[in-house]
Amino acid sequence: MSRFEVDQVLRDKRAWIEEQRRRQVPRLGLAGLAVSESAARIAARELISTLAEEEAERLGVAYRRIRIGGQRTLWGSCSPGGTLSFNWRLVLAPAEVLDYVVVHELCHLRVPNHSRRFWELVEWRRPHWREQRDWLRRHGPELLAFRASE
Ligand SMILES: [Zn+2]
């Protein structure tokens, strides 16, 4: 093969590989999933409360209460009064992702902004937090758009 032909083959192959990769982009496959929102909210509250209790102690922070919401734009928030809010759809995400969001909001009880000090705190508690953030970036919109069947 001439250099030109080799380049041609590589170019074709690369296009093919990229096409395969595009097809393999993982999808959450939530479309056909039947989920009861009330059951999901109960599960979310249980999981999140257990995690939050444990983590709050390690971080040396105290929250007032946990609220489970259905915001379409938000995974979690932390009010100045110490109320932590979480989206019930987090129970449909991998466990590490839910865990990361809980730890993230608890860290806000110590540092209320996203300063370097905040991220250092998150990193101390969850060294692999970036993987969970990336998951949320990739799949978050699909999960936030999810509607329960009842
Ligand atoms: Zn934050």
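The coordinates are above.
Residues numbered from 1 in each chain as written. Predicted model: local features only at pLDDT ≥ 70, side-chain atom pairs only at ≥ 80, totals over all residues. Heavy atoms only, no water.

**Student:** I keep staring at the overall build of the protein and nothing clicks. Help me out?
**Tutor:** Of regular secondary structure, the protein possesses five helices and three strands. When the helices and strands of the protein are read in sequence order from the N terminus, they spell out α-α-β-β-β-α-α-α. In the protein, the share of contacts with a sequence separation of at least 24, taken over all contacts with a separation of at least 6, comes to 57%. (Helix = DSSP H or I, 4+ residues; strand = E, 2+ residues; numbered from the N terminus. Contact = heavy atoms within 4.5 Å.)

**Student:** Whenever I open this one, the coordination of the zinc ion confuses me. Can you help?
**Tutor:** Geometrically, a metal with four donors at the corners of a regular tetrahedron has ideal angles of 109.5 degrees, and one with six donors at the corners of a regular octahedron has ideal angles of 90 or 180 degrees. Ligation of the zinc ion by protein atoms is provided by His104 (NE2), His108 (NE2) and His114 (NE2), these donors lying 2.0 Å from the ion. Going along the chain, you hit the donors of the zinc ion in the pattern H-x3-H-x5-H. Linking His104 in helix 3 (residues 95-108) with His114 in the loop between helix 3 and helix 4 (116-125), this pair joins segments that are ten residues apart in sequence. According to the relative accessible area criterion, His114 is exposed, its value standing at 51%. (Donors = N, O, S within 2.8 Å, 3.2 Å for Na, K, Ca; no water. Buried < 20%, exposed > 50% of the residue type's maximum accessible area, 1.4 Å probe, protein only.)

**Student:** When you look at the nonpolar core in this model, what are you seeing that I'm missing?
**Tutor:** The nonpolar side chains of a soluble globular protein tend to be buried, and buried together. With 35 residues, the main nonpolar core has Ile48, Phe86, Val102 and Leu106 as its most contacted residues. When residues of this core are traced back to their parent elements, those giving at least two are helix 2 (37-59), strand 1 (65-69), strand 3 (83-87), helix 3, helix 4 and helix 5 (129-144). Counting residues per element, this core draws most heavily on helix 3, which supplies eight residues. Setting aside residues no more than four positions away along its own chain, Phe86 makes contact with Ile48, Ile66, Arg67, Ile68, Gly69, Gln71, Trp75, Gly76, Val101, Val102 and Glu105. (Core = buried A, V, L, I, M, F, W, Y, C linked by side-chain atoms within 4.5 Å.)

**Student:** Quick question: what am I supposed to make of helix 2 here?
**Tutor:** Every α-helical turn comprises 3.6 residues, leaving residues that sit three or four positions apart pointing alike. A rise of 1.5 Å per residue sets the reference length of helix 2, with its 23 residues, at 33 Å; its end C-alpha atoms lie 31 Å apart and thus fit the reference within 8%. All buried positions along helix 2 are accounted for by Ala40, Ala44, Ile48, Ser49, Leu51, Ala52, Glu55, Ala56 and Leu59. Of the surrounding elements, those touching the buried residues of helix 2 are strand 1, strand 3, helix 3 and helix 4. Of the residues one or two after helix 2, Gly60 is the one with positive phi, at around 70°. (Expected span 1.5 Å × (residues − 1).)

**Student:** How should I be thinking about the pattern of salt bridges in this particular structure?
**Tutor:** Two side chains of opposite charge can pair, provided their charged atoms sit close to one another. In this structure the tally under the stated criterion is nine salt bridges. Residue Asp99 pairs with Arg126 through a salt bridge whose shortest N-O separation is 2.5 Å. Of this pair, Asp99 sits in helix 3 while Arg126 sits in the loop between helix 4 and helix 5, and the two are 27 residues apart along the sequence. Put simply, Glu54, Glu55, Arg58, Asp99, Arg125 and Arg126 are held in one network by salt bridges that share partners. (Salt bridge = Lys/Arg side-chain N within 4 Å of Asp/Glu carboxyl O.)

**Student:** What exactly am I supposed to notice about the side chain of Ser85 here?
**Tutor:** Examined against the element boundaries, Ser85 turns out to sit in strand 3. Within the local environment of Ser85, its side chain forms a polar contact with the side chain of Arg67, the two groups lying 3.2 Å apart. (Polar contact = N/O pair within 3.5 Å; in protein donor to acceptor, adjacent residues only side chain to side chain.)

**Student:** Could you clarify how one ought to interpret the pairing of strand 3 in this entry?
**Tutor:** It is a general feature of regular strands that their side chains alternate between the two faces of the sheet. Burial runs high along strand 3: five of the five residues are buried. Of the two faces of strand 3, the one holding Thr83, Ser85 and Asn87 and the one holding Leu84 and Phe86 are both buried throughout. As judged from the five bridges shared by strand 1 and strand 3, these two strands associate in the parallel manner. Bridged to Ile66 within strand 3 is Leu84. Bridge count for strand 2 (residues 76-78) against strand 3 is three bridges, and the pairing is antiparallel. Bridged to Ser77 within strand 3 is Ser85. Between strand 2 and strand 3, which pair antiparallel and follow one another directly, the connecting turn spans four residues, one of which, Gly82, has a positive phi of 95°. (Pairing = 2+ DSSP bridges.)

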